[in-house]
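Residue-level structural notes
The chain contents come next:
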Amino acid sequence: MRIGELDIGPGALLAPMEAVTDLPFRTICEEHGAALTYTEFLSAQALTHGATKTAARMWRSMEGRRFAVQVFGREPEVMARAALLAVEAGASIVDINMGCPARKITAGLCGSALMREPDLAARIVAAVRAVLPATVPVTVKHRSGWDERSRNASAFARRLVEVGAALITVHGRTREQGFSGTVDPRPIAEVRAALPPQIPVVGNGDVTTVADYLDMKAATGCDAVMIGRASRGNPWLFRAVLALERGEPLPTPPSVATRFTVWRRHAELVVAYAPVGMRLHELRKTLAWYSRGLYGGAEMRNRAFAEAAPAALLALGEAFFAALAEREAKSPDSSIRESQEGPLAKSMRRHVGKTSNDEGQASCGSA
Ligand SMILES: Cc1cc2nc3c(=O)[nH]c(=O)nc-3n(C[C@H](O)[C@H](O)[C@H](O)COP(=O)(O)O)c2cc1C
(Lines give C-alpha, C1' and ligand atoms only; values in the text may rest on other atoms or scores of the structure.)
Protein backbone atom coordinates (compact mmCIF):
# COMPACT_ATOMS: atom_id res chain seq x y z
CA MET A 1 0.00 0.00 0.00
CA ARG A 2 1.22 3.50 -0.80
CA ILE A 3 0.33 6.51 1.32
CA GLY A 4 1.44 9.51 -0.66
CA GLU A 5 5.09 8.79 -1.28
CA LEU A 6 5.40 6.19 1.49
CA ASP A 7 5.37 2.47 0.85
CA ILE A 8 3.70 0.56 3.66
CA GLY A 9 4.38 -3.17 3.82
CA PRO A 10 1.74 -5.88 4.10
CA GLY A 11 -0.02 -6.52 7.38
CA ALA A 12 -2.58 -4.84 9.58
CA LEU A 13 -2.27 -1.38 11.08
CA LEU A 14 -2.35 -0.78 14.82
CA ALA A 15 -5.18 1.61 15.72
CA PRO A 16 -4.55 4.71 17.79
CA MET A 17 -5.76 4.03 21.34
CA GLU A 18 -5.70 6.48 24.20
CA ALA A 19 -3.66 5.22 27.16
CA VAL A 20 -2.70 2.13 25.17
CA THR A 21 -0.55 2.82 22.10
CA ASP A 22 2.48 4.21 23.87
CA LEU A 23 6.04 3.37 22.82
CA PRO A 24 6.17 -0.07 24.55
CA PHE A 25 2.83 -1.16 23.08
CA ARG A 26 3.68 0.09 19.60
CA THR A 27 7.09 -1.59 19.74
CA ILE A 28 5.62 -4.98 20.62
CA CYS A 29 3.08 -4.72 17.80
CA GLU A 30 5.75 -3.60 15.33
CA GLU A 31 7.92 -6.54 16.32
CA HIS A 32 4.99 -8.84 15.57
CA GLY A 33 4.32 -7.49 12.12
CA ALA A 34 2.07 -4.44 12.43
CA ALA A 35 2.55 -2.56 9.16
CA LEU A 36 2.15 0.85 10.81
CA THR A 37 1.42 2.08 14.31
CA TYR A 38 -0.28 5.23 15.57
CA THR A 39 0.14 7.17 18.77
CA GLU A 40 -2.97 7.88 20.80
CA PHE A 41 -4.74 11.12 19.89
CA LEU A 42 -2.93 14.17 21.19
CA SER A 43 -4.47 17.57 21.76
CA ALA A 44 -3.19 20.14 19.27
CA GLN A 45 -3.89 22.82 21.85
CA ALA A 46 -1.78 21.05 24.47
CA LEU A 47 1.06 20.38 22.02
CA THR A 48 1.22 23.97 20.83
CA HIS A 49 1.07 25.27 24.40
CA GLY A 50 4.17 23.28 25.25
CA ALA A 51 2.53 20.61 27.41
CA THR A 52 5.49 18.32 28.03
CA LYS A 53 3.42 15.30 29.05
CA THR A 54 1.52 15.42 25.76
CA ALA A 55 4.70 15.96 23.74
CA ALA A 56 6.31 12.95 25.43
CA ARG A 57 3.58 10.74 23.95
CA MET A 58 4.98 11.37 20.47
CA TRP A 59 7.92 9.10 21.26
CA ARG A 60 9.43 7.96 17.98
CA SER A 61 9.36 4.27 17.08
CA MET A 62 12.54 2.30 17.66
CA GLU A 63 15.02 1.32 14.98
CA GLY A 64 13.86 4.04 12.64
CA ARG A 65 10.46 2.44 12.06
CA ARG A 66 7.77 4.67 10.68
CA PHE A 67 4.87 5.72 12.86
CA ALA A 68 1.92 8.08 12.72
CA VAL A 69 1.11 10.75 15.28
CA GLN A 70 -2.59 11.44 15.68
CA VAL A 71 -3.75 14.92 16.68
CA PHE A 72 -7.14 16.35 17.50
CA GLY A 73 -8.46 19.89 17.58
CA ARG A 74 -10.58 22.27 15.54
CA GLU A 75 -8.53 25.38 14.83
CA PRO A 76 -6.81 24.91 11.45
CA GLU A 77 -3.84 27.07 12.38
CA VAL A 78 -3.30 25.31 15.73
CA MET A 79 -3.64 21.92 14.05
CA ALA A 80 -1.04 22.94 11.48
CA ARG A 81 1.43 23.97 14.18
CA ALA A 82 0.79 20.74 16.11
CA ALA A 83 1.37 18.74 12.92
CA LEU A 84 4.74 20.42 12.45
CA LEU A 85 5.68 19.48 16.02
CA ALA A 86 4.70 15.88 15.29
CA VAL A 87 6.99 15.81 12.28
CA GLU A 88 9.79 17.36 14.33
CA ALA A 89 9.25 14.53 16.82
CA GLY A 90 9.79 11.99 14.04
CA ALA A 91 6.31 11.23 12.70
CA SER A 92 6.24 9.94 9.13
CA ILE A 93 2.50 10.53 8.92
CA VAL A 94 0.18 12.98 10.65
CA ASP A 95 -3.29 11.58 11.26
CA ILE A 96 -6.21 13.80 12.20
CA ASN A 97 -8.84 12.48 14.58
CA MET A 98 -12.35 13.07 13.30
CA GLY A 99 -13.85 10.02 14.93
CA CYS A 100 -13.66 10.30 18.69
CA PRO A 101 -17.17 10.01 20.17
CA ALA A 102 -16.26 10.84 23.78
CA ARG A 103 -18.22 13.70 25.28
CA LYS A 104 -15.07 15.33 26.61
CA ILE A 105 -13.92 15.69 22.99
CA THR A 106 -17.17 16.33 21.16
CA ALA A 107 -18.21 18.94 23.74
CA GLY A 108 -15.28 20.97 22.42
CA LEU A 109 -16.59 20.25 18.90
CA CYS A 110 -13.53 18.13 18.09
CA GLY A 111 -13.21 14.47 17.07
CA SER A 112 -16.38 13.06 15.51
CA ALA A 113 -18.15 16.42 15.94
CA LEU A 114 -16.16 17.57 12.91
CA MET A 115 -18.23 15.20 10.76
CA ARG A 116 -21.02 17.75 11.21
CA GLU A 117 -18.78 20.53 9.92
CA PRO A 118 -17.29 19.26 6.65
CA ASP A 119 -16.19 22.77 5.62
CA LEU A 120 -14.15 23.23 8.78
CA ALA A 121 -12.83 19.67 8.56
CA ALA A 122 -11.61 20.42 5.03
CA ARG A 123 -9.98 23.65 6.16
CA ILE A 124 -8.12 21.73 8.88
CA VAL A 125 -6.79 19.17 6.42
CA ALA A 126 -5.82 21.91 3.95
CA ALA A 127 -4.01 23.89 6.66
CA VAL A 128 -2.07 20.86 7.86
CA ARG A 129 -1.25 19.81 4.31
CA ALA A 130 0.00 23.31 3.50
CA VAL A 131 2.67 23.35 6.23
CA LEU A 132 4.02 19.81 6.09
CA PRO A 133 6.82 18.63 3.81
CA ALA A 134 5.44 16.93 0.71
CA THR A 135 6.98 13.65 1.94
CA VAL A 136 4.74 13.54 5.02
CA PRO A 137 1.19 12.38 4.27
CA VAL A 138 -1.82 13.82 6.09
CA THR A 139 -4.44 11.20 6.85
CA VAL A 140 -7.81 11.21 8.61
CA LYS A 141 -9.65 8.68 10.75
CA HIS A 142 -13.39 9.13 11.03
CA ARG A 143 -16.61 7.26 11.68
CA SER A 144 -19.53 6.39 9.41
CA GLY A 145 -21.31 9.57 10.49
CA TRP A 146 -22.54 11.47 13.50
CA ASP A 147 -25.71 9.43 13.87
CA GLU A 148 -28.01 7.16 11.90
CA ARG A 149 -29.72 10.12 10.22
CA SER A 150 -26.50 11.75 9.10
CA ARG A 151 -24.29 9.04 7.68
CA ASN A 152 -22.03 11.14 5.48
CA ALA A 153 -18.79 9.14 5.43
CA SER A 154 -18.29 9.00 1.67
CA ALA A 155 -19.07 12.66 0.91
CA PHE A 156 -17.00 13.67 3.94
CA ALA A 157 -14.02 11.55 2.89
CA ARG A 158 -14.19 12.81 -0.69
CA ARG A 159 -14.09 16.38 0.53
CA LEU A 160 -11.02 15.71 2.69
CA VAL A 161 -9.20 13.96 -0.12
CA GLU A 162 -9.85 16.92 -2.43
CA VAL A 163 -7.90 19.14 -0.05
CA GLY A 164 -5.00 16.79 0.51
CA ALA A 165 -5.86 13.78 2.71
CA ALA A 166 -3.74 10.86 1.46
CA LEU A 167 -5.53 8.03 3.28
CA ILE A 168 -8.85 7.64 5.04
CA THR A 169 -9.58 5.23 7.87
CA VAL A 170 -13.22 4.51 8.59
CA HIS A 171 -14.47 2.97 11.83
CA GLY A 172 -17.80 1.55 10.68
CA ARG A 173 -19.92 2.91 13.51
CA THR A 174 -21.62 6.25 13.97
CA ARG A 175 -20.66 8.56 16.79
CA GLU A 176 -24.04 7.84 18.35
CA GLN A 177 -23.22 4.13 18.50
CA GLY A 178 -20.06 4.61 20.50
CA PHE A 179 -18.82 1.03 20.72
CA SER A 180 -22.23 -0.62 20.81
CA GLY A 181 -23.65 -2.98 18.25
CA THR A 182 -21.46 -4.30 15.50
CA VAL A 183 -19.47 -2.59 12.82
CA ASP A 184 -21.28 -1.92 9.58
CA PRO A 185 -18.96 -2.59 6.62
CA ARG A 186 -21.19 -0.67 4.16
CA PRO A 187 -19.95 2.85 4.91
CA ILE A 188 -16.37 1.62 4.56
CA ALA A 189 -17.24 0.08 1.18
CA GLU A 190 -18.98 3.31 0.17
CA VAL A 191 -15.91 5.36 1.04
CA ARG A 192 -13.74 2.95 -0.95
CA ALA A 193 -16.01 3.33 -3.95
CA ALA A 194 -16.15 7.13 -3.62
CA LEU A 195 -12.41 7.80 -3.55
CA PRO A 196 -9.81 7.67 -6.31
CA PRO A 197 -8.07 4.27 -6.37
CA GLN A 198 -4.66 5.73 -5.44
CA ILE A 199 -6.06 6.92 -2.07
CA PRO A 200 -6.01 3.96 0.32
CA VAL A 201 -9.02 3.29 2.51
CA VAL A 202 -8.51 1.47 5.80
CA GLY A 203 -11.33 -0.54 7.32
CA ASN A 204 -11.64 -0.57 11.08
CA GLY A 205 -13.83 -2.10 13.72
CA ASP A 206 -14.38 -5.44 15.44
CA VAL A 207 -11.52 -7.31 13.76
CA THR A 208 -10.42 -9.84 16.35
CA THR A 209 -9.35 -12.84 14.26
CA VAL A 210 -7.86 -13.66 10.88
CA ALA A 211 -11.37 -14.62 9.75
CA ASP A 212 -12.66 -11.15 10.74
CA TYR A 213 -9.75 -9.64 8.85
CA LEU A 214 -10.70 -11.54 5.68
CA ASP A 215 -14.36 -10.61 6.15
CA MET A 216 -13.50 -6.92 6.50
CA LYS A 217 -11.46 -6.97 3.31
CA ALA A 218 -14.07 -8.93 1.37
CA ALA A 219 -17.04 -6.89 2.56
CA THR A 220 -15.49 -3.47 1.98
CA GLY A 221 -12.74 -3.80 -0.62
CA CYS A 222 -10.57 -1.78 1.76
CA ASP A 223 -6.85 -1.53 1.06
CA ALA A 224 -5.79 -2.29 4.63
CA VAL A 225 -7.30 -3.16 7.98
CA MET A 226 -6.69 -1.43 11.30
CA ILE A 227 -6.87 -3.42 14.54
CA GLY A 228 -7.41 -1.88 17.95
CA ARG A 229 -8.81 -3.66 20.99
CA ALA A 230 -7.99 -7.20 19.90
CA SER A 231 -4.28 -6.39 19.88
CA ARG A 232 -4.13 -5.83 23.63
CA GLY A 233 -2.16 -8.76 24.99
CA ASN A 234 -2.41 -10.37 21.56
CA PRO A 235 0.25 -9.00 19.22
CA TRP A 236 0.24 -12.45 17.57
CA LEU A 237 -2.79 -11.33 15.60
CA PHE A 238 -0.47 -9.08 13.56
CA ARG A 239 1.85 -12.01 12.90
CA ALA A 240 -1.05 -14.15 11.70
CA VAL A 241 -2.33 -11.41 9.35
CA LEU A 242 1.16 -10.89 7.96
CA ALA A 243 1.58 -14.62 7.30
CA LEU A 244 -1.78 -14.65 5.55
CA GLU A 245 -0.84 -11.69 3.36
CA ARG A 246 2.46 -13.32 2.44
CA GLY A 247 0.79 -16.61 1.60
CA GLU A 248 2.62 -18.39 4.40
CA PRO A 249 1.08 -20.99 6.73
CA LEU A 250 -0.72 -19.43 9.67
CA PRO A 251 1.39 -19.55 12.84
CA THR A 252 0.19 -21.81 15.63
CA PRO A 253 -1.21 -20.09 18.74
CA PRO A 254 1.53 -18.89 21.11
CA SER A 255 2.76 -21.35 23.71
CA VAL A 256 2.89 -20.34 27.37
CA ALA A 257 6.64 -19.85 27.01
CA THR A 258 6.12 -17.44 24.12
CA ARG A 259 3.39 -15.57 25.97
CA PHE A 260 5.74 -15.19 28.91
CA THR A 261 8.64 -13.98 26.76
CA VAL A 262 6.53 -11.37 25.01
CA TRP A 263 4.82 -10.17 28.20
CA ARG A 264 8.24 -9.92 29.85
CA ARG A 265 9.61 -7.85 26.97
CA HIS A 266 6.54 -5.60 27.07
CA ALA A 267 6.94 -5.18 30.83
CA GLU A 268 10.64 -4.37 30.45
CA LEU A 269 9.82 -1.71 27.88
CA VAL A 270 7.30 -0.25 30.31
CA VAL A 271 9.90 -0.17 33.07
CA ALA A 272 12.34 1.51 30.69
CA TYR A 273 10.04 4.06 29.11
CA ALA A 274 6.89 4.72 31.15
CA PRO A 275 7.02 7.81 33.32
CA VAL A 276 8.04 6.77 36.85
CA GLY A 277 4.70 7.76 38.35
CA MET A 278 2.83 5.61 35.83
CA ARG A 279 4.98 2.51 35.97
CA LEU A 280 2.87 0.50 38.41
CA HIS A 281 -0.33 1.30 36.60
CA GLU A 282 1.19 0.46 33.22
CA LEU A 283 2.66 -2.80 34.48
CA ARG A 284 -0.72 -3.84 35.88
CA LYS A 285 -2.19 -3.14 32.47
CA THR A 286 0.29 -5.48 30.77
CA LEU A 287 -0.57 -8.22 33.28
CA ALA A 288 -4.27 -7.71 32.66
CA TRP A 289 -3.87 -7.83 28.86
CA TYR A 290 -1.64 -10.88 28.66
CA SER A 291 -3.55 -12.90 31.28
CA ARG A 292 -7.00 -12.24 29.89
CA GLY A 293 -8.90 -15.49 29.48
CA LEU A 294 -6.05 -17.56 30.87
CA TYR A 295 -6.27 -19.95 33.78
CA GLY A 296 -5.66 -18.17 37.09
CA GLY A 297 -5.68 -14.78 35.39
CA ALA A 298 -8.51 -13.27 37.41
CA GLU A 299 -6.88 -14.19 40.70
CA MET A 300 -3.50 -12.87 39.56
CA ARG A 301 -5.07 -9.58 38.47
CA ASN A 302 -6.67 -9.17 41.89
CA ARG A 303 -3.33 -9.75 43.53
CA ALA A 304 -1.69 -7.23 41.21
CA PHE A 305 -3.83 -4.49 42.70
CA ALA A 306 -2.34 -5.18 46.12
CA GLU A 307 1.27 -4.91 44.95
CA ALA A 308 2.94 -1.53 45.23
CA ALA A 309 6.35 -2.08 43.64
CA PRO A 310 7.30 -2.79 40.01
CA ALA A 311 9.58 -5.67 41.08
CA ALA A 312 6.70 -7.35 42.91
CA LEU A 313 4.48 -7.06 39.84
CA LEU A 314 7.18 -8.56 37.65
CA ALA A 315 7.57 -11.43 40.12
CA LEU A 316 3.81 -11.92 40.15
CA GLY A 317 3.77 -12.15 36.36
CA GLU A 318 6.64 -14.60 36.36
CA ALA A 319 4.91 -16.81 38.91
CA PHE A 320 1.67 -16.67 36.93
CA PHE A 321 3.30 -17.81 33.69
CA ALA A 322 5.40 -20.44 35.52
CA ALA A 323 2.24 -21.98 37.00
CA LEU A 324 0.61 -21.86 33.60
CA ALA A 325 3.60 -23.59 31.99
CA GLU A 326 3.43 -26.29 34.64
CA ARG A 327 -0.21 -26.81 33.89
CA GLU A 328 0.54 -27.04 30.17
CA ALA A 329 3.39 -29.52 30.76
CA LYS A 330 1.44 -31.74 33.17
CA SER A 331 -1.49 -32.26 30.97
CA PRO A 332 -0.91 -31.04 27.44
CA ASP A 333 -4.55 -31.70 26.62
CA SER A 334 -5.90 -29.48 29.31
CA SER A 335 -6.58 -25.98 28.23
CA ILE A 336 -4.59 -23.10 29.63
CA ARG A 337 -7.69 -21.03 29.15
CA GLU A 338 -10.14 -20.27 31.88
CA SER A 339 -12.85 -22.78 31.18
CA GLN A 340 -14.95 -22.92 34.27
CA GLU A 341 -17.66 -20.41 33.97
CA GLY A 342 -19.13 -19.49 37.33
CA PRO A 343 -22.90 -19.57 37.81
CA LEU A 344 -23.03 -15.76 37.92
CA ALA A 345 -21.22 -15.39 34.59
CA LYS A 346 -23.48 -18.05 33.08
CA SER A 347 -26.67 -16.37 34.16
CA MET A 348 -25.39 -12.98 33.03
CA ARG A 349 -24.63 -14.39 29.62
CA ARG A 350 -28.16 -15.80 29.43
CA HIS A 351 -29.69 -12.45 30.32
CA VAL A 352 -27.43 -10.04 28.56
CA GLY A 353 -26.96 -12.07 25.40
CA LYS A 354 -24.00 -10.84 23.42
CA THR A 355 -21.73 -8.98 25.80
CA SER A 356 -19.92 -5.78 24.94
CA ASN A 357 -16.64 -6.52 23.23
CA ASP A 358 -14.83 -3.68 24.89
CA GLU A 359 -14.94 -4.60 28.56
CA GLY A 360 -15.94 -1.05 29.35
CA GLN A 361 -12.91 0.47 27.66
CA ALA A 362 -15.05 2.90 25.74
CA SER A 363 -15.19 4.96 28.93
CA CYS A 364 -11.51 5.76 28.33
CA GLY A 365 -12.62 8.49 25.95
CA SER A 366 -11.93 6.56 22.85
CA ALA A 367 -12.86 7.20 19.28
C1 LIG B 1 -9.09 2.32 24.88
C2 LIG B 1 -9.31 2.91 23.54
C3 LIG B 1 -8.74 4.12 23.19
C4 LIG B 1 -8.94 4.66 21.92
N5 LIG B 1 -8.32 5.84 21.58
C6 LIG B 1 -8.41 6.32 20.29
C7 LIG B 1 -7.65 7.45 19.87
O8 LIG B 1 -6.87 8.05 20.63
N9 LIG B 1 -7.80 7.87 18.58
C10 LIG B 1 -8.64 7.24 17.69
O11 LIG B 1 -8.74 7.64 16.53
N12 LIG B 1 -9.34 6.15 18.07
C13 LIG B 1 -9.23 5.67 19.33
N14 LIG B 1 -9.90 4.53 19.69
C15 LIG B 1 -10.69 3.81 18.69
C16 LIG B 1 -9.85 2.77 17.96
O17 LIG B 1 -8.81 3.37 17.24
C18 LIG B 1 -10.74 1.96 16.98
O19 LIG B 1 -11.27 2.84 16.04
C20 LIG B 1 -11.86 1.24 17.69
O21 LIG B 1 -11.45 0.64 18.88
C22 LIG B 1 -12.49 0.19 16.78
O23 LIG B 1 -11.52 -0.76 16.39
P24 LIG B 1 -11.39 -2.19 17.14
O25 LIG B 1 -12.73 -2.83 17.10
O26 LIG B 1 -10.35 -2.92 16.34
O27 LIG B 1 -10.96 -1.91 18.52
C28 LIG B 1 -9.74 3.99 20.97
C29 LIG B 1 -10.34 2.78 21.32
C30 LIG B 1 -10.13 2.23 22.58
C31 LIG B 1 -10.77 0.92 22.92
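Our structure is the block above this text.
A few points on the structure. Chains are numbered independently. Their residues run from 1 in the order of the written sequence. Reporting of local features is limited, given that this is a predicted model, to residues whose pLDDT is at least 70; pairs of side-chain atoms are given and counted only at 80 or more, and all residues count toward the totals for whole chains, interfaces and linings.

**Some words on the pairing of strand β5 (residues 67-72)**
For clarity, the cut-off: For every residue, the other C-beta atoms within 10 Å of its own C-beta are counted; 20 or more classify it as buried, 12 or fewer as exposed, and values in between as partly exposed. C-beta atoms are placed from the backbone. The way it works is that DSSP assigns letters per residue, a run of H or I at least four long becomes a helix, a run of E at least two long becomes a strand, and they are numbered from the N terminus. Note: two strands are recorded as paired if DSSP finds a minimum of 2 bridges between them. Here, the term right-handed applies to a crossover whose path from the first strand over the helix to the second runs clockwise when the strands point away from the viewer.
For β5, the buried fraction is high: 6 of the 6 residues fall into the buried class. Residues of β5 alternate between two faces, with Phe67, Val69 and Val71 on one and Ala68, Gln70 and Phe72 on the opposite face, all of them buried. Where strand β4 (residues 36-43) lies against β5, 5 bridges are found, and the strand directions are parallel. Residue pairing for β5: Ser43 is matched across the bridge by Phe72. Of the strand pairs in this sheet, β5 and strand β6 (residues 93-98) are connected by 4 bridges, and their pairing is parallel. Bridging from a neighbouring strand, Ala68 pairs with Ile93 of β6. At this point the chain moves from β5, through helix α4 (residues 76-88), to the parallel β6, and the crossover so formed is right-handed.

**Describing the sheet that holds strand β10 (residues 224-227)**
The condition that has to hold: Note on contacts: residues are paired as contacts if their backbone-placed C-beta atoms lie within 7 Å. Lines fitted to the C-alpha atoms define the axes, with helices restricted to the stretch that makes contact. Angles between their N-to-C directions range from 0 to 180 degrees.
Pairing is parallel in the closed barrel, where 8 strands are placed in the order β3-β4-β5-β6-β7-β8-β9-β10. The pairing of strand β9 (residues 201-204) with β10 spans 3 bridges and is classified as parallel. Of the residues in β10, the one forming a bridge with Asn204 is Met226. Contacts from helix α8 (residues 185-194) reach β7 (138-145), β8 (165-174) and β9 within the one sheet, and its direction differs from that of β8 by about 160°.

**A short note on the packing of helix α7 (residues 153-162) against α8**
Stated formally: We call two directions roughly parallel when the angle between them is under 35 degrees, roughly antiparallel when it is over 145, roughly perpendicular when it lies between 65 and 115, and oblique otherwise. Each crossing is labelled by how the near helix is turned from the far one, with a counterclockwise turn of less than a right angle marking it left-handed and a clockwise turn marking it right-handed.
Look at α7 against α8: their axes get within 8 Å of each other, and the N-to-C directions meet at 40°. Of the possible angle classes, the one that applies to α7 and α8 is oblique. In this structure, the crossing between α7 and α8 has a hand that is right-handed. Across the interface between the two elements, Ala153, Ser154, Ala157 and Arg158 from α7 touch Pro187, Glu190, Val191 and Ala194 from α8.

**Quick look at the environment of Ala121**
Following the sequence through the fold, Ala121 ends up in helix α6 (residues 118-131). Accessibility expressed as a C-beta count within 10 Å gives 24 for Ala121, which makes it buried. Sequence-wise, Ala121 and Gly111 are 10 residues apart; in three dimensions their C-alpha atoms are separated by 10.0 Å. Here Ala121 is in contact with Met98, Leu114, Phe156 and Leu160, once residues within four sequence places are set aside.

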